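# Residue-level structure breakdown
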Number of protein chains: 2
Amino acid sequence: MFAIQPSSAEPIYRQIVEQLRRLIAGGQLASGDLLPSVRDVAGFHAINPMTVSRAYGMAETEGLLERLRGKGMAVAVTTRSTATQAQRMALLEAQLQALARHARELELPGDAVLRRLGKLLDE
Amino acid sequence: MFAIQPSSAEPIYRQIVEQLRRLIAGGQLASGDLLPSVRDVAGFHAINPMTVSRAYGMAETEGLLERLRGKGMAVAVTTRSTATQAQRMALLEAQLQALARHARELELPGDAVLRRLGKLLDE
DNA sequence: CCATGTGTATTAATACAACAATACACTTGG
DNA sequence: CCAAGTGTATTGTTGTATTAATACACATGG
């Protein structure tokens, strides 16, 4: 049902869109899968339905979702289902670069950063 | 002279404040160091001087900088100059957690992520 | 058929970020 | 002393982003 933090600085609709991008690229959401309705998501997180709709709409424009009139939104049927690892890696690239830059500004040793991230990835 | 991207979604004044936090914690900016004037920074990046002033002002409120009347802003003289590695690491924690979550949503193998980050950290 | 479920167009409220143009208080250095 | 350099307070404007409230069009399924 999406991991949403309404308090975050990142806009809710963008949290949803980006999460959709990753879940679809990673295969956890497969072609044809039906998404929870805007009202369900909105009710669950106590946010406005239009905010969810906006996210769904942008994902549709992007080709991630398709609208099944009367039924809801479903993951679009793309040519290849799951993106290659390189393609998925590319979605993380900007974040990785920012992290590296910040670590350098903090003068942190690379190993320490890698160790910590390794631990977080294992959980 | 700060790494600023006026096009970024992140507000300019916050880019500056956060960069100051890291550069000071890491010791690249030491107690007493004089910062470039608001007019210089603004001129260089073609942004409004008041935007820089706002960032400096927030950094002062935070205790990072102190105002030397007539001279400019300088890195505040704190008890201990450079933060411990654990303290600096804490400034990266949230970003690391977000990265780990995204990697999991992308179903990316941990080693691949760690390898790529390692390479970026070496440059 | 029609109640119930979809998504969404429209409008509005609110907040925020950045810019612009001044004017001011202060210190330094010739 | 005073020109030139600091940062800043103030006021106003502009553009944009985000969320909300409401009403609507449409398809489904008993």
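The structure we're discussing is the one just above.
Since the model is a prediction, treat every value here as computed from it, not as a measurement.

## Quick word on the overall build of chain A
Scanning chain A for helices and strands turns up 5 helices and 2 strands. In sequence order, chain A lays out its α and β elements as α-α-α-β-β-α-α. The buried share of chain A, reckoned over its 123 residues, is 41%. Looking at chain A as shown, the accessible area adds up to about 6,900 Å², and 51% of this sits on carbon and sulfur atoms. Of note, chain A has its 15 positive side-chain charges centred 4 Å away from the centre of its 13 negative side-chain charges.

## Considerations on the nonpolar core
The biggest cluster of nonpolar side chains holds 30 residues, and the ones touching the most others in it are A:Leu92, A:Val113, A:Leu117, B:Leu92, B:Val113 and B:Leu117. Listed by contribution, the elements that provide at least two residues to this core are helix 4 (85-105) and helix 5 (110-122) of chain A together with helix 4 (85-105) and helix 5 (110-122) of chain B. Within the second largest apolar cluster, 23 residues are counted, among which are B:Ile12, B:Ile16, B:Ala42 and B:Ile47.

## Focus on the interface of chain B and chain A
At the interface, 38 residues of chain B touch 38 residues of chain A. Looking at the side of chain B facing chain A, the largest losses of area belong to B:Arg22, B:Glu105 and B:Leu106, adding up to 17% of the total buried there. Our count for the contact surface shared by chain B and chain A stands at 4 salt bridges. Here B:Arg116 and A:Glu93 are joined by a salt bridge, their closest N and O atoms 2.6 Å apart. Put simply, chain B and chain A have 20 residue pairs in polar contact (both at pLDDT 80 or more) between them. Top contributing element to the side of chain B that touches chain A by residue count: helix 4 of chain B, with 16 residues.

## A look at the side chain of B:Glu93
Its place among the elements puts B:Glu93 in helix 4. Since its relative accessible area comes to 18%, B:Glu93 is described here as buried. Only 2.6 Å separates the side chain of B:Glu93 from the side chain of A:Arg116, close enough to count as a polar contact. With near-sequence residues (within four places) excluded, B:Glu93 lies in contact with A:Arg116 and A:Leu120.

## Some points on the pairing of strand 2 (residues 72-75) of chain A
All names here are of chain A. Judged from the 4 bridges that link them, strand 1 (residues 65-68) and strand 2 form a sheet pairing that is antiparallel. The residue of strand 2 that forms the bridge with leucine 65 is valine 75. Hairpin connection between strand 1 and strand 2: a loop of 3 residues separates the two successive antiparallel strands, and glycine 70 in this loop has a positive phi of roughly 85°.

## Things to note about unusual backbone geometry
Note: most residues except glycine have negative phi, and most peptide bonds are trans. Residue and element names in this part refer to chain B. Even without being glycine, phenylalanine 2 reaches a positive phi, approximately 70°. On the secondary structure map, phenylalanine 2 appears in the segment before helix 1 (12-26). Of note, the phi angle at alanine 46 is positive, near 55°, even though the residue is not glycine. If you trace the backbone, alanine 46 turns up in the loop between helix 2 (38-45) and helix 3 (49-61).

## Observations regarding the relation of the copies chain B and chain A
Expressed as a screw operation, the relation of chain B to chain A combines 0.1 Å of axial shift with a rotation of 179°, fitting to an RMSD of 0.2 Å. The superposition operator between the copies reduces to a two-fold rotation axis. Scanning chain B for the C-alpha nearest the rotation axis identifies B:Leu114, at a separation of 3.2 Å. When the interface residues of chain B are mapped onto chain A, 100% of them again fall at the interface, so both copies present the same face.

What counts and how
For every chain, the first residue of its written sequence is number 1, and the numbers climb from 1 along that sequence. Written order decides the labels, with chains lettered from A and ligands numbered from 1. Whole-chain, interface and lining totals are the exception, using all residues; otherwise, since this is a predicted model, local features are given only for residues with pLDDT of at least 70 and side-chain atom pairs are given and counted only at 80 or more. Neither water nor hydrogens contribute to the side-chain values; these are computed over all heavy atoms in the structure. By definition, any uninterrupted DSSP run of H or I lasting at least four residues is a helix, any uninterrupted run of E lasting at least two residues is a strand, and each is numbered from the N terminus. For every residue, the accessible area (1.4 Å probe, protein chains only) is compared with the maximum for its type, and the residue is labelled buried under 20%, exposed over 50%, or partly exposed between those bounds. All accessible-area figures derive from a Shrake-Rupley calculation using a 1.4 Å probe, and residue coverage is judged against the displayed protein chains alone. Think of it this way: Lys and Arg go in the positive column, Asp and Glu in the negative one, and His and the chain ends go nowhere. Think of each charge as sitting on NZ of Lys, CZ of Arg, CG of Asp or CD of Glu. Here, nonpolar core means buried Ala, Val, Leu, Ile, Met, Phe, Trp, Tyr and Cys residues that are tied together by side-chain atoms lying within 4.5 Å of each other. Residues count as neighbours in contact if any of their non-hydrogen atoms are within 4.5 Å of one another. When two parts are brought into contact, each loses some accessible area as probed by a 1.4 Å sphere; the total of that loss over both is the buried area. We define a salt bridge as a contact between a side-chain nitrogen of Lys or Arg and a carboxyl oxygen of Asp or Glu at a distance within 4 Å. Counted as a polar contact is a pair of N or O atoms within 3.5 Å, where, for protein atoms, one must be capable of donating a hydrogen and the other of accepting one, and residues adjacent in sequence contribute only when both atoms are in side chains. For two strands to be treated as a pair, DSSP must find at least two bridges joining them. The atoms used to superpose the copies are C-alpha atoms, taken from residues with pLDDT of at least 70 in both, and the fit is least squares.

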